[in-house]
Amino acid sequence: MKRNRINYHEILEIRHLTESTFIIRFEKNGLKFKAGQHICVGPPDGVHSREYSIYSAENDPYIEILVKEVQNGLVTPVLKKLKVGQSVVVEEPVGYFTVKEEKVQSNNFLFIATGTGISPFHSIVKSNPQIKYQILHGVRNAVESYEKNEYPENNYILCSSRDKSGDYTGRITNYLQDVTIDKDSEVYLCGNCNMIHDVYDILEAQGIPNSQIHAEVYF
Amino acid sequence: MKYYLLTLGCQMNLSDSERVASVLNAAGYTKADNEEDANLIGILACSVRQKAIDKVYNKIFTWNKWKNKKNLITFISGCVLPADKERFLKLFDIVFAMPELPQFPKMLTEYGITSPMAIVPEPNNPIDEIQLFWDVKPKYDSSFEAFVPIQNGCNKFCTYCAVPYTRGREVSRPSDEILTEVKSLAEKGYKSITLLGQNVNSYGLDKHGEEITFAELLEKIGEIGEAINNEFWVYFTSPHPMDMTDDIFHIIAKYKCLGKQIHFPLQSGDEKVLIKMNRKHSVEKYRETMQSLRRILPQATVFTDIIVGFTDETEEQFENTRKAMAEFKYNMAYIAMYSPRPGATSYKWEDNITLDEKKRRYAVLSEELQKHTYEYNKSLIGKTLKVLVREQDRKPGYLSGHTDGKIVVRLASDNKELIGQIVELKITSAARFSIEGELVEKTVSC
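All values reported here derive from a predicted model rather than from experimental measurement.

Considering the overall build of chain B
- Each helix and strand counted, chain B has 14 helices and 18 strands in total.
- Considered along the principal axes of its C-alpha atoms, chain B spans approximately 65 × 55 × 50 Å.
- Here the contacts in chain B between residues at least 6 apart in sequence split such that 73% fall between residues at least 24 apart.

As for the interface of chain B and chain A
- Tallying the contact residues gives 23 residues for chain B and 20 residues for chain A.
- At the level of elements, helix H3 (82–91), helix H6 (126–135) and helix H11 (271–276) of chain B are the ones that each hand at least two residues to the side of chain B that touches chain A.
- Here the residues of the side of chain B that touches chain A are counted per class, giving seven nonpolar, seven polar and nine charged.

Some words on the sheet that holds strand S9 (residues 192–196) of chain B
Residue and element names in this part refer to chain B.
- Across the sheet, three strands lie side by side as S6-S9-S10; this open sheet has parallel pairing. Edge positions in the sheet fall to strand S6 (145–149) and strand S10 (233–237), since each of these pairs with one other strand and no more. Strand-to-strand twist in this sheet, taken as the mean axis angle between neighbours without regard to direction, amounts to 25°.
- Sheet analysis places S9 next to S10, joined by five bridges and oriented parallel. Across the sheet, residue Leu196 finds its bridge partner in S10, namely Thr237.
- Contacts between helix H8 (residues 175–187) and the sheet are confined to S6 and S9, with S6 contributing the most and set at about 175° to the helix.

Focus on helix H10 (residues 246–254) of chain B
Residues and elements named next belong to chain B.
- If you check which residues of H10 are buried, you get Ile248, Phe249, Ile251 and Ile252. When H10 is viewed along its axis, its buried side chains cluster within an angular range of 160° and face the same direction.
- Buried residues belonging to H10 abut helix H9 (214–227) and helix H12 (283–296).

Concerning the environment of Leu274 of chain B
- With respect to the helices and strands, the residue Leu274 of chain B is situated in helix H11.
- Those residues in contact with Leu274 of chain B that lie beyond four places of it in its chain are Gln267, Ser268, Arg279, His281, Ser282 and Val283 of chain B.

Some remarks on the domain arrangement of chain B
- Per the domain assignment, the segments of chain B are domain 1 (2–124), domain 2 (128–378) and domain 3 (384–439).
- Taken over C-alpha atoms, the centre of domain 1 of chain B sits 37 Å from the centre of domain 3 of chain B.

Some details on the UniProt feature "domain: TRAM" (unreviewed entry) in chain B
- Per the UniProt record, "domain: TRAM" (unreviewed entry) is annotated on residues 378–441 of chain B.
- Along residues 378–441 of chain B the backbone is 3% helical and 55% strand, and the end-to-end C-alpha distance reaches 23 Å.

Digging into the UniProt feature "domain: FAD-binding FR-type" (unreviewed entry) in chain A
- Following the UniProt record, the feature "domain: FAD-binding FR-type" (unreviewed entry) maps to residues 4–100 of chain A here.
- Helix and strand shares over residues 4–100 of chain A are 6% and 37% respectively, and the end C-alpha atoms of the span are 30 Å apart.

Describing the domain arrangement of chain A
Residue and element names in this part refer to chain A.
- By domain assignment, chain A separates into domain 1 (8–90) and domain 2 (101–217).
- Taken together, the contacts link 14 residues of domain 1 with 14 residues of domain 2.
- Partitioning the side of domain 1 that touches domain 2 into residue classes produces six nonpolar, six polar and two charged.

A word on the sheet that holds strand S16 (residues 408–412) of chain B
- The strand order around the closed barrel formed by five strands is S14-S15-S16-S18-S17 (chain B), and the pairing between neighbours is mixed. For this sheet the average axis-to-axis angle between neighbouring strands, irrespective of direction, equals 55°.

Observations regarding the packing of helix H13 (residues 315–328) of chain B against helix H14 (residues 355–379) of chain B
Residue and element names in this part refer to chain B.
- The contact between H13 and H14 brings their axes to 9 Å, and the two run at 15°. The angle between H13 and H14 falls in the class roughly parallel. For the crossing formed where H13 meets H14, the hand is right-handed. Residues Phe318, Thr321, Arg322, Met325 and Ala326 of H13 lie in contact with H14, whose contacting residues are Arg361, Val364, Leu365, Glu368 and Leu369.
- Residue composition of the contact of H13 with H14, grouped by class: six nonpolar, one polar and three charged.

Focus: unusual backbone geometry
All names here are of chain B.
- A cis amide bond, omega 0°, links Thr237 with the succeeding residue Ser238.
- The phi angle at His208 is positive, at roughly 50°, despite the residue not being glycine.
- When you line up the elements, His208 lands in the loop between S9 and H9.
- For His208, a count of 8 C-beta atoms within 10 Å gives the class exposed.
- We note that Asn278 has phi near 60°; this positive angle belongs to a residue other than glycine.
- Looking at where Asn278 falls in the secondary structure, it is placed in the loop between H11 and H12.
- Accessibility expressed as a C-beta count within 10 Å gives 19 for Asn278, which makes it partly exposed.

Comments concerning the pairing of strand S9 (residues 156–160) of chain A
Residue and element names in this part refer to chain A.
- Along S9, four of the five residues are buried, which leaves the element largely enclosed by surrounding structure.
- Taken together, the five bridges between strand S8 (residues 132–139) and S9 define a ladder with parallel strand orientation. Bridge pairing in S9 links Ile135 to Tyr156.
- Where S9 lies against strand S10 (residues 168–169), two bridges are found, and the strand directions are parallel. Residue pairing in the sheet places Ser160 in a bridge with Thr169 of S10.

Each value, and the rule that gives it
- Residues numbered from 1 in each chain as written.
- Chains lettered and ligands numbered in written order.
- Predicted model: local features only at pLDDT ≥ 70, side-chain atom pairs only at ≥ 80, totals over all residues.
- Helix = DSSP H or I, 4+ residues; strand = E, 2+ residues; numbered from the N terminus.
- Contact = placed C-beta atoms within 7 Å.
- Nonpolar A, V, L, I, M, F, W, Y, C, P; charged D, E, K, R; others polar.
- Pairing = 2+ DSSP bridges.
- Axes fitted to C-alpha atoms, helices over the stretch in contact; angles between N-to-C directions.
- Buried ≥ 20, exposed ≤ 12 C-beta atoms within 10 Å, placed from the backbone.
- Arc of directions from axis to C-beta.
- Domains from an automatic or database assignment.
- UniProt positions renumbered as here; feature names shortened; annotations may be inferred.
- Parallel < 35°, antiparallel > 145°, perpendicular 65-115°, else oblique.
- Left-handed = near helix turned anticlockwise from the far one by under 90°.

Written out as structure tokens, the structure is:
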């Protein structure tokens, strides 16, 4: 599909999940993507854009991204002020943080995220209804569990480090110290770099092969 | 009217500058030897380092002062970050993205009537736009070495690099055009042809099966080499490890015109640093590919890129890089001390390894590199090798060139007619990063 150098997509819906986090739904305009890929999105009249993992499913008739406002940032404060009916500038989806079809059929998946790092996993599980998965979501406060009702209760574990409202009180790394991970699992890590480094050590110590560990760092 | 072009940065910019020169020559401009003699001055900018951007500002402030004394039009193109582009619009007369090059003469004609902003054409399809750019026949700077762009843009988003923000997403040039250009160059007697792209070996992937793969492209170039009497060597840069496949090595092994030198960037030998760099491959995957390379192409030389002192790189992580350097036995490594690049993701992180520590790590890696390069170069003594003579050496009375593995060779000779020829040399001595040889009577190719 031929695209212009600058492509405007009309905003269809905005859902504010917390004071600083929101989902923007905008026109798909024929864009195709693989769940787990990211997309560059920016305000309609600015020169800057940022990469966001796609939150919505491959076959949804729209695209959604999950955005956390960065104080004094060049992009997110502007995106936050946009209204339905205005547009965002969108580039073609790219990225390699995707799941292989044959693995979806045969393997268990462990998705480990911090904060908005849950975004690609939402897209993956909604795009692959048959996938066998467990999501481990690390947040500071349980309010940051971002649409956790989207996942069956048994598939989603919330680790909250600053309140006791999660399924587990403490960091993801503390939780993982006490569990044994199936060595055949495909493990996907998405979120802040420190979490990924720490979890990487735990996975390595548990004997998870490097080839089964996939990481996408959020910066 | 004379033009002067200042090109900053990488081989891709050098290649782009050949096309800019071609467009300006076709429009009736002639090249000036220096900027003082020119009425049209342009920069092909590089956003990789702040130093290069600082140079742009220094130059434009000087040139804008010259406008009080003479007629002068200034322009800028190349790798420009969005934020810099906004500033440059106020400083330069014309600012354009490289894919807009075919419209450049029109912009020059219209300059003075409208503002630079107004003459930038309406946004086009980026694929059509880059196609028009590739349609421009370059004016090659050399008569025996040429760069052929095959791919533009980057989808990899390494955290230390701004290229995805300056050149956009990966677009592959049609293979029939590449093959026509390579064949034409080979027939004209070009000896060294380098295929260029930000991720050269992801060639074709953006076309989702509607274009041949990089390995298939190399195979077709290999067939061109077999059909042409002239000897020439084809290289490519820069590849990404995640797209490096065994079939590429098999094709290189099969055809003599495909240079037996592989540029294979490692960047770091530590898994966690690679994750932080967002390199999308592990050391383990790199090692597997390197083992294939050595098995399939045992005669190949391997060059690499490494960054030392990346944000938060610990001593232990650096040591893993040193061990990787020892293990992979490179013939050359372009070691860079990390410096934050404006526009790149890592620019916002603290550059928390001191310059002294970066220098130390640089020195340690350089020493490690030399252990192997010297051993390898000594192993060539007594052998007769084909060498492309490229230029007069800095050492008086000497010429220099490189083997098909791009090992630098010096030759005691004043015969400038050898420049641009592939000759046979008997290797007589070796140093850490070069070898020296004597001319064998028969000239192989001219």
